[in-house]
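One-letter residues, chain by chain:
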Amino acid sequence: MTSEVSHTEFDVIVIGAGINGAGIARDASMRGLRVLLLDKGDIGGGTSSYSTRLIHGGLRYLEHGELRLVRESLRERSSLLRIAPHLVRPLQLLVPLYEQARRGPWAVRAGLIAYDLLSFDRDLPRHHMLSRAKTLLQAPALNPEGLLGAAVFFDAQVEFAERLVLENVLSAIEHGATVYTYAKVEKLLIDEGTVRGMEFMLAHQGSSPTVDRGSSPTVREGSSDQRFTVSANVVINAAGPWVDQVLGRIAADSPRLIGGTKGSHIIVASFAGAPETAIYVEAKTDQRPFFIIPWDHKYLIGTTDIRYDGNPDQVLIDRSEIDYLLRETNRVIPQAKLTPEKILYSYSGVRPLPFISDEDEPGITRRHFLRSHPQVNNLFSVVGGKLTTYRNLAEAAVHLVFRSLRRASPPCITAREPLPGAATSPDQLAYGNAFTQRSRLSTKTNSRLLGIYGARALLLLDLLDQHPELGKIFDVETGAIAAEVVFAFRRELAQTLSDCLLRRTMVGL
C-alpha cells in the first residue's frame, strides 16, 4: 500500500496526529476529501497525552473575559458527551472557599452563575453552594482553617485522552483517510508560491491503514527507512508545539507562532484524606487554581503553567514544580503528607499557545487560530486550542480547506456522528449488560474492556472466539488480556511496545 501513496493526489495533508490533527482528518474524510495524516511519532503521543484529561468549559477563562471561548467549550463538552460517552463522562468538582483567597465566595458564585448561563444547552446539573459544615461532611479531610464553604459544579473527564485521539483517527480511516505514524516531514514542496505536497521519511515499519473496522491493516514490507514524495492541494500544519519546527523547513525567517507554556502533573496512589470527588482549589503560592482528581484508580494532581522555550521533545517536570504541587496539596489536605517518594510518575507537556511576548502565562488565550502564510498559498497552521474544542477547530479547518479548493463544502456531521467505540444503542447500560452476557471473561476484565474500547470491545470477543488462548490475563492489576496486545497491533495501528502499553491498552499508566 505504501507505493500507492506517492501516486495519489491528496486534497489535504494534515501534519500531526494529536487531537487537533486527528479531528481534522476525521472531519475532512467524512466530507469526502482525500486525506493523508502524518505524525513523526505515535497517534496522540505528544501534548494530547499530557493534559489534565478534562473536557471542560474553562471556568477560569471567565476571569479573562473569554466568554466566547467558554461558550464554545461548553457546547463542545455537550457534543463529546453525546458522541463519545464511553470515553467522556461527567465529573463533579468541589471548589473549597477560603478566607484571604483571591477569589472569594461571591466571585466564585458569580462565575458559576455565568457558567450555568453559558451552558444553556445543559446536559449536566447546575452548580450549588455548600456551607462550611456541609463541605466538611463531603470532604472531611479538607483543611478547616479559614474554610468558609465550597461550591460544587460539573464538567467532564476523559480518563484516557489517548483513546479519544485514536478513535478520531480510526474514524478517519473508516472514511478513507490514509495514516502514517513515525513519518517525519522532511520538506514541503512549494511551486510558484503554492504548496504542492511534501517529502516525508518513514522511520518504522508499520501499517498502511486505509482499512475499515472489519479488516486488518496491511503490514508494510522493506526497509525501516523509506522516503516518499506526496502531492496535495492543501497542507495543514497541526503539529502542536512543533508547528514552528515544521515551518522552519520552508524558511528560516518564518515568524514565530508558538509561545508555549509547560504544564506538569504528578500521579500518586490513594493517600490519607484523599477526596472521593475532584478538588479544584486556588493555590496559595500564586493564586492559580489547580486540580486534585481521582483518575485511573490513582490521583492526578496538576497543573503548572510556566513559559517554555526549549525543545518540546525534551520537556520534563522540574523540582520546583514537584515542590509546588506537593506543598499545595498538603496545605489543602494536611493528612496527605505527600513527599516526592510518594509520586508514582509525572508527565509534562507544552501547550501550543500563541506567541505573545509580554503576557503572563495564565493570561495567554486558550483560543485557537488558523494561520495562513502569505509567502505560501494553501498552507495553514493551527495555533492554540485545547482538548475540549478540537472538534469545532476541525470543523473550521475543513471549511477553510474547501474554500482553498474552491469547492462547495458538504455539511459537517462530526457533532452528531458517534465515534467508533460509542455504543449504537443510546442505552449504555443495556449495551454493557448484553456484552457481559456474551463474554466469558471476569467482571473486572469486562468492565475494563467496556471502559477503554466501548463498542469496539465486541471486536475483542470476536478475536477470542477465534483464539481462546488470548483470553489469558497478562496484567493482574488491570485485568488486561493478551487479545488486547494482538488487537493493538492488528487493528489499532500500534507499532511499538510503548504504543501498545501507553496509548492502546493503557496498562502502562
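By convention here, each chain's residues receive numbers from 1 onward along its written sequence. Reporting in this predicted model follows two pLDDT cut-offs: at least 70 for local features of residues, and 80 or more for side-chain atom pairs to be given and counted; totals over whole chains, interfaces and linings ignore these cut-offs and use all residues. Only heavy atoms go into the side-chain values, all of them from the structure, while hydrogens and water stay out.

Here we look at the packing of aromatic side chains
Describing an aromatic ring pair means giving the distance of the ring centres and the angle of the ring planes.
Thought 1: Put simply, two rings from Phe, Tyr or Trp (the six-membered ring, in Trp's case) pair if the centres are within 6.5 Å, and we call them stacked under 30 degrees between planes, edge-to-face over 60, tilted for the rest. Evaluated as defined, the whole model comprises 8 aromatic pairs.
Thought 2: With a centroid separation of 5.8 Å and 85 degrees between ring planes, the pair formed by tyrosine 115 and phenylalanine 153 is classed as edge-to-face. Of this pair, tyrosine 115 sits in helix 4 (residues 105-118) while phenylalanine 153 is found in strand 6 (residues 147-158), placing the two residues 38 residues apart along the sequence. Per residue, the accessibility class of tyrosine 115 equals that of phenylalanine 153, and both read buried.
Thought 3: Measuring from ring centre to ring centre gives 5.9 Å for tyrosine 453 and phenylalanine 487, while their planes differ by 85 degrees; the resulting arrangement is edge-to-face. Of the two residues, tyrosine 453 sits in helix 11 (residues 443-453) while phenylalanine 487 sits in helix 13 (residues 482-491), which places them 34 residues apart along the sequence.
Thought 4: Look at phenylalanine 487 and you get buried, because its relative accessible area is 1%.
Thought 5: Taken together, Tyr115, Phe153, Tyr280 and Phe291 form an aromatic cluster joined through their ring pairs.
Thought 6: Cation placement over rings: the criterion is NZ of Lys or CZ of Arg within 6 Å of the ring centroid and within 35° of the ring normal. Between the NZ or CZ atom of arginine 371 and the centre of the ring of phenylalanine 369, over which it lies, the distance is 4.7 Å. Put simply, DSSP H or I for four residues or longer makes a helix, DSSP E for two residues or longer makes a strand, and each gets a number counted from the N terminus. Burial here depends on accessible area, computed with a 1.4 Å probe over protein chains only, as a share of the maximum for the residue type. Under 20% is buried, over 50% is exposed, and the range in between is partly exposed.

Some thoughts on the layout of surface pockets
Thought 1: The definitions used throughout rest on a 1 Å grid laid over the protein atoms alone, on which a cavity is an enclosed set of points accommodating a 1.4 Å probe that cannot get out and a pocket is an open set flanked by protein within 12 Å on both sides along at least five of seven lines; lining residues are those having an atom within 4 Å of a point. Grid points are joined across faces, edges and corners, and a volume is the space filled by probe spheres set on the points. By volume, the second largest pocket is sized at about 690 Å³.
Thought 2: As for the second largest pocket, its lining consists of 29 residues, and the residues nearest its centre are Tyr98, Ala101, Arg102, Arg103 and Glu282.
Thought 3: When contributions to the lining of the second largest pocket are tallied by element, the ones reaching two or more residues are strand 4 (88-98), helix 4, strand 14 (278-282) and helix 8 (319-332).
Thought 4: Each residue receives one of three labels: charged for Asp, Glu, Lys and Arg, nonpolar for Ala, Val, Leu, Ile, Met, Phe, Trp, Tyr, Cys and Pro, and polar for the others, Gly being one of them. A class-by-class count of the residues in the lining of the second largest pocket yields 15 nonpolar, 5 polar and 9 charged.

Details of the side chain of asparagine 20
Thought 1: Within the secondary structure layout, asparagine 20 lies in helix 2 (residues 19-30).
Thought 2: Assessed through its relative accessible area of 12%, asparagine 20 is described here as buried.

Brief notes about helix 4
Thought 1: Taking 1.5 Å of rise per residue, the 14 residues of helix 4 would be expected to cover 20 Å, and the 20 Å separating its terminal C-alpha atoms lies within 8% of that figure.
Thought 2: Every buried residue belonging to helix 4 is among Val108, Gly111, Leu112, Tyr115, Asp116 and Leu118, and all of these are buried. One face of helix 4 carries all of its buried residues, which in axial projection span an arc of 165 degrees. Those residues of helix 4 that are exposed and angled more than 90 degrees off the buried face are Trp106 and Leu117. What a helix should span is 1.5 Å times the count of its residues minus one. This arc describes the spread of directions from the helix axis toward the C-beta atoms.

Remarks on the nonpolar core
Thought 1: Nonpolar cores were defined as sets of buried Ala, Val, Leu, Ile, Met, Phe, Trp, Tyr and Cys residues, with membership established by side-chain atoms within 4.5 Å. Judged by nonpolar contacts, the single largest core of 50 residues is most densely connected at Ile24, Val88 and Leu164.
Thought 2: Sort the elements by how many residues they give to this core and helix 9 (residues 390-405) lands first, with 9 residues.
Thought 3: Contacts are assigned to residue pairs with any non-hydrogen atoms lying within 4.5 Å of each other. Among residues more than four places away in sequence, those in contact with valine 88 are Ile55, Leu80, Leu81, Ala156, Gln157 and Val158.
Thought 4: Core analysis: the second largest hydrophobic core is formed by 30 residues, Ile266, Ile279, Ile292 and Ala336 among them.

Focus: the pattern of salt bridges
Thought 1: By convention in these notes, a salt bridge is any Lys or Arg side-chain nitrogen within 4 Å of a carboxyl oxygen on Asp or Glu. Across all of its chains, the model carries 29 salt bridges by this definition.
Thought 2: The closest approach of N and O atoms between aspartate 305 and arginine 288, which form a salt bridge, is 3.6 Å. Linking aspartate 305 in the loop between strand 16 (298-302) and strand 17 (306-307) with arginine 288 in the loop between strand 14 and strand 15 (289-295), this pair joins segments that are 17 residues apart in sequence. Residue aspartate 305 shares its accessibility class with arginine 288, and that shared class is buried.

Focus on empty space enclosed by the protein
Thought 1: For the coordinates displayed, the defined rule picks out 5 cavities of 30 Å³ or more.
Thought 2: Of the volumes computed, that of the second largest cavity is approximately 70 Å³.
Thought 3: As for the second largest cavity, its lining consists of Leu74, Arg77, Tyr115, Asp116, Ser119, Arg122, Leu124, Pro125, His127, Phe153 and Phe154.
Thought 4: Within the residue set of the lining of the second largest cavity, elements represented by two or more residues are helix 3 (67-83), helix 4 and strand 6.
Thought 5: Among the residues making up the lining of the second largest cavity, the classes are represented as 6 nonpolar, 2 polar and 3 charged.

Let's talk about the confidence of the model for the chain
Thought 1: Averaged over all residues, the pLDDT of the chain equals 91, while 92% of them reach at least 70.
Thought 2: Residue-level confidence of the predictor is what pLDDT reports, using numbers from 0 through 100. Every residue in residues 205-223 scores below 50 in pLDDT, and together they form 53 contacts with partners more than four places removed in sequence or on other chains.

Quick look at unusual backbone geometry
Thought 1: Cis geometry is adopted by the peptide bond preceding threonine 303, which originates at glycine 302 and carries an omega value of 15 degrees.
Thought 2: With respect to the helices and strands, threonine 303 occurs in the loop between strand 16 and strand 17.
Thought 3: Its identity as a non-glycine residue notwithstanding, glutamine 287 has a phi of 60 degrees, on the positive side.
Thought 4: Here glutamine 287 is to be found in the loop between strand 14 and strand 15.
Thought 5: A positive phi is found at arginine 406, a non-glycine position, where the angle reads about 60 degrees.
Thought 6: Residue position: arginine 406 is located in the loop between helix 9 and helix 10 (428-438).

Brief notes about the environment of alanine 239
Thought 1: By the element assignment, alanine 239 lies in the loop between strand 12 (226-237) and helix 7 (243-247).
Thought 2: Take alanine 239: its relative accessible area is 13%, and that puts it in the buried class.
Thought 3: Here the alpha-carbon distance between alanine 239 and valine 315, two residues 76 residues apart in the chain, equals 16 Å.

Structural notes on the pairing of strand 6
Thought 1: With 11 of 12 residues buried, strand 6 lies mostly within the body of the structure.
Thought 2: As judged from the 2 bridges shared by strand 3 (residues 54-55) and strand 6, these two strands associate in the antiparallel manner. Paired with leucine 54 across the two strands is glutamine 157, which belongs to strand 6.
Thought 3: With 11 bridges joining them, strand 4 and strand 6 adopt antiparallel strand pairing. Following the sheet pairing, leucine 97 is matched in strand 6 by glycine 149.
Thought 4: Criterion used throughout: strands pair if DSSP finds at least two bridges between them. Alignment of strand 5 (residues 128-131) against strand 6, held across 4 bridges, turns out to be antiparallel. Of the residues in strand 6, the one forming a bridge with leucine 130 is alanine 150.

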